[in-house]
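The chain contents come next:
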Amino acid sequence: MGIPSEPADDLDAITRERRQLINLAYRLLGSLAEAEDVVQETYARWYALRPEQRDAVASPGGWLTTVAGRICLDLLGSARARRERYVGPWIPEPLPGRTEWVGGGTPADPADRVTLDESVTMAFLVVLESMTPAERVAFVLHDVFRYPFAEVAEIVGRTPAACRQLASSARRRIRARQPPATTPEARRADVVRAFRRAWEAQDIEGLIGVLAPGATATGDGGGLVSAALDPVEGAEPVARFFAERARAVPGITLLECPVNGQPGLVARKGGVTVSVLAFDVAGDRIQHVWAVLNPRKLRPWTAN
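First things first, this report covers the structure right here in the doc. (Residues numbered from 1 in each chain as written. Predicted model: local features only at pLDDT ≥ 70, side-chain atom pairs only at ≥ 80, totals over all residues. Heavy atoms only, no water.)

**A word on the overall build of the protein**
- Secondary structure assignment for the protein yields eleven helices and six strands.
- Looking at the protein as a whole, 48% of its 304 residues qualify as buried.
- Contacts spanning at least 24 positions in sequence make up 66% of the contacts within the protein whose residues lie at least 6 apart.
- By element, 52% of the accessible surface of the protein is carried by carbon and sulfur atoms, the whole surface being about 14,500 Å². (Helix = DSSP H or I, 4+ residues; strand = E, 2+ residues; numbered from the N terminus. Buried < 20%, exposed > 50% of the residue type's maximum accessible area, 1.4 Å probe, protein only. Contact = heavy atoms within 4.5 Å. Areas by Shrake-Rupley, 256 points an atom, 1.4 Å probe, with all protein chains shown as cover.)

The following block contains the structure:
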């Protein structure tokens, strides 16, 4: 049974929504794989409509966004239970820059690319993880994608006034946990480069020099590979942790690559990506290191 035929102009208009939907779903879920599943399900529901039902939709783009948003809202609710069973910390799936996609994860179609801006930095996504599902959906739809609260209300299933309150609560979380970025990107890249060099040299003092006193390092192995089950806290413990890892796992090559649009590192062994590191840099110091080691989250980074 094939996909129902549709006029070329209408089909083009529907297809053009794909990138917007991927961008929305990734920000809502923190997982590119889940975002792709959401978009696929959204289109499946569109084509399951009878032709007269599709003709009656005044704004196909709005219909697709509403359906995708509701699917994401449901997934966010179930994700909380799944992450309680997750082995160790859960970190959002890291995204490569445009030139770093390799292997089967390459987005041949530009519509599959996520726009890399401040709303997909790892620091921002980690704060989104602290929100309730309704807060996250209301905030992302209104503050990131500029949907009016009347439309947000249709997706979230609450009144516009309630959605306004949800977004306001989400903004307070952002302000409390993520101060505005003031460090120029070139300077952030310099700090990450200094971290890389010190790590390669197993230079504990050098690592301490680029870490904030209260720096934290969080690893996500998902129970599939070895990773610390709890965040490491403090500049010296973090420095010693990375120096010990360098000694314990020889033959690692560290590459400087954009991660979610920010300076980051990719660790490879035998040509295979084994870890992707994202950083939160404030001033000249690293505040947070997020290391994703779960191979299921490294699909876009790993050649087949």
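**Digging into the environment of Gly88**
- Structurally, Gly88 can be placed in the loop between helix H4 (60–85) and helix H5 (122–129).
- Put simply, Gly88 and Gly222 are 134 residues apart on the chain and 6.3 Å apart in space, counted from C-alpha to C-alpha.

**Describing the sheet that holds strand E3 (residues 253–259)**
- Read from one edge to the other, the open sheet built from six strands follows the order E2-E1-E6-E5-E4-E3, with strand pairing classed as mixed. Because the sheet does not close on itself, it has two edges, and the strands there are strand E2 (232–233) and E3.
- Note: strand E5 (residues 272–282) against strand E6 (residues 285–292), seven bridges, orientation antiparallel. Pairing of Asp280 across the sheet is with His288, part of E6.
- Here helix H11 (residues 235–248) sits on the sheet in contact with strand E1 (211–220), E2, E5 and E6, set at roughly 45 degrees to E1. (Pairing = 2+ DSSP bridges. Axes fitted to C-alpha atoms, helices over the stretch in contact; angles between N-to-C directions.)

**Here's the deal with the pairing of E6**
- Bridge count for E1 against E6 is six bridges, and the pairing is parallel. Across the sheet, Gly219 pairs through a bridge with Ala291, a residue of E6.
- Connecting E5 to the next strand, E6, in antiparallel fashion are two residues, including Gly283 with a positive phi near 65 degrees.

**Focus: the pairing of E5**
- Inspection of the sheet shows strand E4 (residues 262–269) paired to E5 by six bridges, in the antiparallel sense. Each bridged residue has a counterpart across the sheet, and for Ala267 the counterpart in E5 is Ser275.

**Concerning unusual backbone geometry**
- We note that Arg146 has phi near 65 degrees; this positive angle belongs to a residue other than glycine.
- Positionally, Arg146 belongs in the loop between helix H6 (133–144) and helix H7 (149–156).
- Using a relative accessible area of 63% as the deciding quantity, one classes Arg146 as exposed.
- Residue Asn260 is not a glycine yet carries a positive backbone phi of 50 degrees.
- Within the fold, Asn260 resides in the loop between E3 and E4.
- You can call Asn260 buried: its relative accessible area is 0%.

**Re the packing of H4 against H6**
- For the pair H4 and H6, interaxial distance at closest approach is 9 Å and the crossing angle is 145 degrees. Crossing hand, H4 versus H6: right-handed. Of the residues in H6, those in contact with Thr65, Leu73, Leu76, Gly77 and Arg80 of H4 are Pro133, Ala134, Arg136, Val137 and Leu141.
- Of the residues assigned to the contact of H4 with H6, the class counts are six nonpolar, two polar and two charged. (Left-handed = near helix turned anticlockwise from the far one by under 90°. Nonpolar A, V, L, I, M, F, W, Y, C, P; charged D, E, K, R; others polar.)

**Here's the deal with the packing of aromatic side chains**
- For the structure shown, the criterion picks out seven aromatic pairs.
- Each residue in the set Phe195, Trp199, Phe241, Phe242 and Phe279 is aromatic and connected to the rest through ring pairs, giving one cluster.
- The lysine or arginine in question, Arg83, covers the ring of Trp90, its NZ or CZ lying 3.5 Å from the ring centre. (Phe/Tyr/Trp six-rings, centres within 6.5 Å; stacked < 30°, edge-to-face > 60°. Lys NZ or Arg CZ within 6 Å of the ring centre and 35° of its normal.)

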